[in-house]
Protein chains: 4
Amino acid sequence: MEKILIKSYKKPRLNSPVLVGGLPGIGNIGKIAADYLVEKLKMQKMAEIFSQFLPPQVFVSEGGITYLVRNTIYYRKFPGKRDLIALVGDSQGTTQEGQYEMSFSVLDLLAQYKLDTVFTLGGYSIGKIVENPRILGAATDADMLKDMKDAGVVFPRGEPGGGIVGSAGVMLGLAKELFGIRGACLMGETSGYFADPKGAMEVLKILSKLLDIPIDMTDIEERTHQLEQITGKMQEDIQSKITGKPEDLGYFG
Amino acid sequence: MEKILIKSYKKPRLNSPVLVGGLPGIGNIGKIAADYLVEKLKMQKMAEIFSQFLPPQVFVSEGGITYLVRNTIYYRKFPGKRDLIALVGDSQGTTQEGQYEMSFSVLDLLAQYKLDTVFTLGGYSIGKIVENPRILGAATDADMLKDMKDAGVVFPRGEPGGGIVGSAGVMLGLAKELFGIRGACLMGETSGYFADPKGAMEVLKILSKLLDIPIDMTDIEERTHQLEQITGKMQEDIQSKITGKPEDLGYFG
Amino acid sequence: MEKILIKSYKKPRLNSPVLVGGLPGIGNIGKIAADYLVEKLKMQKMAEIFSQFLPPQVFVSEGGITYLVRNTIYYRKFPGKRDLIALVGDSQGTTQEGQYEMSFSVLDLLAQYKLDTVFTLGGYSIGKIVENPRILGAATDADMLKDMKDAGVVFPRGEPGGGIVGSAGVMLGLAKELFGIRGACLMGETSGYFADPKGAMEVLKILSKLLDIPIDMTDIEERTHQLEQITGKMQEDIQSKITGKPEDLGYFG
Amino acid sequence: MEKILIKSYKKPRLNSPVLVGGLPGIGNIGKIAADYLVEKLKMQKMAEIFSQFLPPQVFVSEGGITYLVRNTIYYRKFPGKRDLIALVGDSQGTTQEGQYEMSFSVLDLLAQYKLDTVFTLGGYSIGKIVENPRILGAATDADMLKDMKDAGVVFPRGEPGGGIVGSAGVMLGLAKELFGIRGACLMGETSGYFADPKGAMEVLKILSKLLDIPIDMTDIEERTHQLEQITGKMQEDIQSKITGKPEDLGYFG
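A short tour of the structure in this document, coming up.

Cut-offs used in this document
Residues numbered from 1 in each chain as written. Chains lettered and ligands numbered in written order. Predicted model: local features only at pLDDT ≥ 70, side-chain atom pairs only at ≥ 80, totals over all residues. Heavy atoms only, no water. Helix = DSSP H or I, 4+ residues; strand = E, 2+ residues; numbered from the N terminus. Rg over C-alpha atoms; globule rule 2.2 N^0.38 Å. Buried < 20%, exposed > 50% of the residue type's maximum accessible area, 1.4 Å probe, protein only. Contact = heavy atoms within 4.5 Å. Buried area = accessible area lost by both parts, 1.4 Å probe. Salt bridge = Lys/Arg side-chain N within 4 Å of Asp/Glu carboxyl O. Polar contact = N/O pair within 3.5 Å; in protein donor to acceptor, adjacent residues only side chain to side chain. Nonpolar A, V, L, I, M, F, W, Y, C, P; charged D, E, K, R; others polar. Pairing = 2+ DSSP bridges. Least-squares fit on C-alpha atoms with pLDDT ≥ 70 in both. Core = buried A, V, L, I, M, F, W, Y, C linked by side-chain atoms within 4.5 Å. Expected span 1.5 Å × (residues − 1). Axes fitted to C-alpha atoms, helices over the stretch in contact; angles between N-to-C directions. Patch = residues over 30% accessible without salt bridge, like charges linked within 9 Å, V, L, I, M, F, W, Y side chains within 5 Å. Areas by Shrake-Rupley, 256 points an atom, 1.4 Å probe, with all protein chains shown as cover. Parallel < 35°, antiparallel > 145°, perpendicular 65-115°, else oblique. Left-handed = near helix turned anticlockwise from the far one by under 90°.

1. Quick look at the overall build of chain A
- Summing up its helical and strand segments, chain A has six helices and eleven strands in all.
- For chain A, whose C-alpha radius of gyration is 19 Å, the value lies close to the compact-globule estimate of 18 Å for 253 residues.
- If one aligns the C-alpha atoms of chain A with their principal axes, the spans along those axes are about 60 × 50 × 35 Å.
- Burial status across chain A gives 57% buried among its 253 residues.
- Of the contacts made within chain A by residues no fewer than 6 positions apart, 76% connect residues no fewer than 24 positions apart.

Structural data, given as structure tokens:
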């Protein structure tokens, strides 16, 4: 068996496409954002990737249908602009080798389409619930930094301290070093305690500006609102137990 | 050394065979059921599989003869029906890579025989002893669900929650995605605390209906009965220690 | 780099050679015995094996010279009898894959020399110091069992319970299944707490009978005697601390 | 993706070059020393090595630019002497396989340049702060030992007890056994508790003699001095807490 198997659905003609990669990770921010993008922009399936670098697992739907763990590549053409490609999936490569190999495979496939830029989306864990998550950034090339700053991305000194680990980092590194393709990572601040639609939404707002593509945020705003009610209620409950009266825990958690 | 070595014993002509795979796992249900099937249906050895994905180990028989860990494929022809193939063995692949590679190898070999359907057998751990284990199911294709329901398989919402992990899941996923072969998994409820012939027996009853092949259940019923006496005694002992009087623990364990 | 690199020193003409394999393991019995055999029989170096399946390590001699971890194959011709080959080394393969691959490589190399039989030497841990260690056995073929029994090897029911794990087991399994070469394992009882020359000596006595090759036991008897004085002293010390008077701990440890 | 990718910058003509390898390890002594050498001798970049044996990670600079983890090879010509090559990097191979493969790749590349000698630099952990770190040595060949002793390297009996593990050891072992290239390891004593410029400086002093190349030590002396002030202060603080008065802890930690 080949270590990575790519099942091709369509081979579109694409104009200097931009890849947006969002796989499971911290706060699941990358995955939530990229899945939302695929849904709202009605992107089309281009290829599926199966691999022994992914968990040996099928999911089972409510109706009882199995679904082998995979990554999927979608695309959508934007006439007059750079076209868009999205990489989404159920898991990153589970090993160091897998993260390199799977990132390389995607880049190697998309290099054939004259891939222009890679954006990887992820979370930046700060260990507490944050009301207004900032979006931290990093880029392979200096010429991308100004646009990112203009779009609201922040570059605080010394953050992220440990660099960017996993698929979101390796993909940028390989894009630059092996394919000569520039890229950037957008990291939404998140508590890291649960799947975080708010951080994902903030990442999408920035991405929307950078790509100059409008994205309807209604649904993700609604999910964010619902989650805030739940976590707000949880904080009140905990706070009452501690102090006897409800209070905001967000910056003290 | 090749990572997987297949030693072929026979190359039978088979009619749209159905594969039944049962390897060690939760409650050892898959292995117990598939081994029983091979024995009761007097199936014939078709191939043996040795691999570095299996434990580096030989077993030693009572007489002192060594036996290298392996998987084995058996077959039996059923004139006028689909023929039967069974995959049994001492271990699943011990790594993620191994589970993909070994499942792929078996499917790749059997695809030459026009494999029609794959059934994988397994256990579904519920953490307590259950008197009447249900058989949960999942299938690659909707057309299989009705037959399974008719045979008594249940599809409770949200179960199995984590999907199907390991060989029983990967084999279905690869069958569908890479070979275009449909399949289903039958999971017998089990405490998960010991090798469970009862869950295996219930899986076999369903399988017998689905395959339309009668299987003599006398021996496995006897083993189930013996085990129930032992575990019943153990429960009484524990119960007496806790409450001072014997009582059923099965649903409260 | 090739995963296993064999550096050949000599390509002798050998007559139906017998391989004796002894690598580090339980009580280091296999390694002690095989190293002793090589030394006492003045065997000659035939090949060295370097591999990424061995630890990434050099040893440093008293004088400061480095020595890369390796396995080494020695041989000695015994005119009129089967010739002898020994496999010794600093480590077994450190992974499951490594144990399969390295065992396979050695067998694959020696199959060219018409390898006749494989003996692997190892320890059988019983968790206490034993005065008269038994030698347990297992063989790939029934025809070897009688000679082994005659030489004093025992085959107690249900032992070794978990089979034979590691190089000593895999080598026999692969010899039989992939090369059609018969083999046996000799396991010396040992506490498993320290490198045990006594168990190794008992293994060598049996091996000497099986191979019909005399081995001078003077040095290993001396080492055994020295170690028994040390461990005997230790037991007395422990015993005095517990009971106030010296006593034998061997069968109660 | 190839497991190791070498990006070549220059292919200089070199005269019997000597390789100095210093990668992260105990006390980071090898890395500090080799990085310092590259900087002070204004060595030129020859090749970069990317690999799935390195962590799946990009670092992010203060300005927000990403940097994929790598190893780098530098060189400098010394007319009339042996030329110099340095191997530096962000990480050793993270696995046993990786340490073998990456060491082999570097040697395989440099063998084309008629590599003459390999020096690997590392730390030797002694678990306490040491005022005058000794430099321990080991070499592949006896002819190197005299020069090393003359330069001040010590070879205490039984040290390093466990041999040399990791890249610094494997590289010497492979150099000798597979390429016929001699080499030596210089190990600076260090507490092992923090990155230790003092140990690195002492290693460099020895190396400077062995290579007959002067190295300006001003900056590393300054760093050493700064660190000693910090650790000295820490020791006083701890000592005051314990005894009520400041005292030297260095030989009692």
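2. Side note on the interface of chain B and chain A
- The interface of chain B with chain A comprises 28 residues on the first partner and 24 residues on the second.
- Counting the surface lost from both chain B and chain A, the interface buries some 2200 Å², and carbon and sulfur atoms represent 56% of this.
- Summed over the three residues of chain B that lose the most area to chain A, namely Gln96, Tyr100 and Glu177 of chain B, the buried surface amounts to 31% of that side.
- Taken together, chain B and chain A are joined by four salt bridges.
- For glutamate 97 of chain B, the salt bridge is made with lysine 3 of chain A, and the minimal N-O distance between the two is 3.1 Å.
- Summed over the shared surface of chain B and chain A, the number is 17 residue pairs in polar contact (both at pLDDT 80 or more).
- At seven residues, the largest contribution of residues to the side of chain B that touches chain A is made by helix α4 (residues 167–179) of chain B.
- Here the side of chain B that touches chain A is built from residues that sort into 14 nonpolar, nine polar and five charged.
- Note that strand β4 (residues 57–60) of chain A and strand β10 (residues 164–165) of chain B share two bridges and pair antiparallel. By the bridge assignment for β10 of chain B, valine 58 of chain A is matched with isoleucine 164 of chain B.

3. Looking at the relation of the copies chain A and chain D
- Rotating chain A by 90 degrees and translating it 0.1 Å along the rotation axis places it on chain D, where the RMSD comes to 0.0 Å. The superposition of one copy onto the other is thereby described by a four-fold rotation axis.

4. Some words on the arrangement of the chains
- The two partners chain A and chain C share no contact, and the minimum distance between any of their C-alpha atoms is 16 Å.
- You won't find any contact between chain B and chain D; their C-alpha atoms come no closer than 16 Å.

5. Re the nonpolar core
- Formed by 164 residues in total, the largest nonpolar core has its most connected members in Ile73 and Leu110 of chain A, Leu110 of chain B, Ile73 and Leu110 of chain C together with Ile73 and Leu110 of chain D.
- Once you skip the residues sitting within four places of it in the chain, leucine 110 of chain B turns out to touch Leu19, Met46, Ile73, Ile85 and Leu115 of chain B.

6. Thoughts on the pattern of salt bridges
Residue and element names in this part refer to chain B.
- This model, assessed by the stated rule, comprises 76 salt bridges over all chains.
- Aspartate 150 is the salt-bridge partner of lysine 146, the closest N and O atoms lying 2.7 Å from each other. Residue lysine 146 and its partner aspartate 150 are both found in helix α3 (residues 145–150); the two are separated by four residues, about one turn of the helix. The same class applies to lysine 146 as to aspartate 150, namely exposed.

7. Observations concerning helix α5 (residues 197–211) of chain C
Residues and elements named next belong to chain C.
- Its 15 residues give α5 an end-to-end C-alpha distance of 20 Å, which sits within 8% of 21 Å, the value for a rise of 1.5 Å per residue.
- With 13 of its 15 residues buried, α5 lies for the most part within the structure.
- At the N-terminal boundary of α5, the capping side chain belongs to aspartate 196, with an oxygen 3.0 Å from the backbone nitrogen of lysine 198.
- Looking at the residues trailing α5, positive phi occurs at aspartate 212, about 55 degrees.

8. Re the environment of arginine 70 of chain B
- Within the secondary structure, arginine 70 of chain B is located in the loop between β5 (66–68) and β6 (71–76).
- Separated by 131 residues in the primary sequence, arginine 70 of chain B and methionine 201 of chain B place their C-alpha atoms 24 Å from one another.
- For arginine 70 of chain B, the contacting residues outside a window of four places in its chain are Glu48, Ile49, Phe50, Leu54, Gly89 and Asp90 of chain B together with Glu177 of chain C.

9. Focus on the sheet that holds strand β4 (residues 57–60) of chain B
- Here we have three strands laid out as an open sheet, ordered β5(B)-β4(B)-β10(C), and antiparallel in their pairing. The open sheet is flanked by β5 of chain B together with β10 (164–165) of chain C, the only strands paired with a single partner.
- Sheet topology places β4 of chain B next to β5 of chain B; three bridges connect them, and they run antiparallel. In the strand pairing of β5 of chain B, phenylalanine 59 of chain B is matched with tyrosine 67 of chain B.
- Contacting β4 and β5 of chain B together with β10 of chain C, helix α4 (residues 167–179) of chain C crosses the sheet at an angle of about 85 degrees to β5 of chain B.

10. Thoughts on a nonpolar patch on the surface
- Side chains of Ile230, Met234, Ile238 and Ile242 of chain A sit close together on the surface and give an oily, nonpolar patch of about 400 Å² of accessible area.
- Structurally, the position occupied by methionine 234 of chain A is in helix α6 (residues 218–243).

11. Here's the deal with unusual backbone geometry
All names here are of chain B.
- Here glutamate 159 and proline 160 are connected by a cis peptide whose omega angle stands at -10 degrees.
- Along the polypeptide, proline 160 turns up in the loop between α3 and β10.
- Of note, the phi angle at asparagine 28 is positive, near 50 degrees, even though the residue is not glycine.
- One can find asparagine 28 in the loop between β2 (18–21) and α1 (29–40).

12. A look at the interface of chain A and chain D
- Between chain A and chain D, the residue contacts involve 28 residues of the former and 24 residues of the latter.
- Summing both partners gives a buried area of about 2200 Å² for chain A against chain D, and 57% of it is carried by carbon and sulfur.
- For chain A, the biggest contributors to the area lost against chain D are Gln96, Tyr100 and Glu177 of chain A; these three give 31% of the whole.
- At the junction of chain A with chain D, the criterion picks out four salt bridges.
- With a closest N to O distance of 3.0 Å, arginine 70 of chain D and glutamate 177 of chain A form a salt bridge.

13. Focus on the packing of helix α2 (residues 96–111) of chain A against helix α4 (residues 167–179) of chain A
Residues and elements named next belong to chain A.
- Relative orientation of the contacting elements α2 and α4 amounts to 50 degrees, with a least axis distance of 9 Å. Viewed along their axes, α2 and α4 adopt a mutual orientation that is oblique. In this structure, α2 crosses over α4, and the sense of that crossing is right-handed. Contacts between α2 and α4 involve Gln99, Tyr100, Ser103, Phe104, Val106, Leu107, Asp108 and Ala111 on the former and, on the latter, Ser167, Val170, Met171, Leu174, Ala175, Leu178 and Phe179.
- Among the residues making up the contact of α2 with α4, the classes are represented as eleven nonpolar, three polar and one charged.

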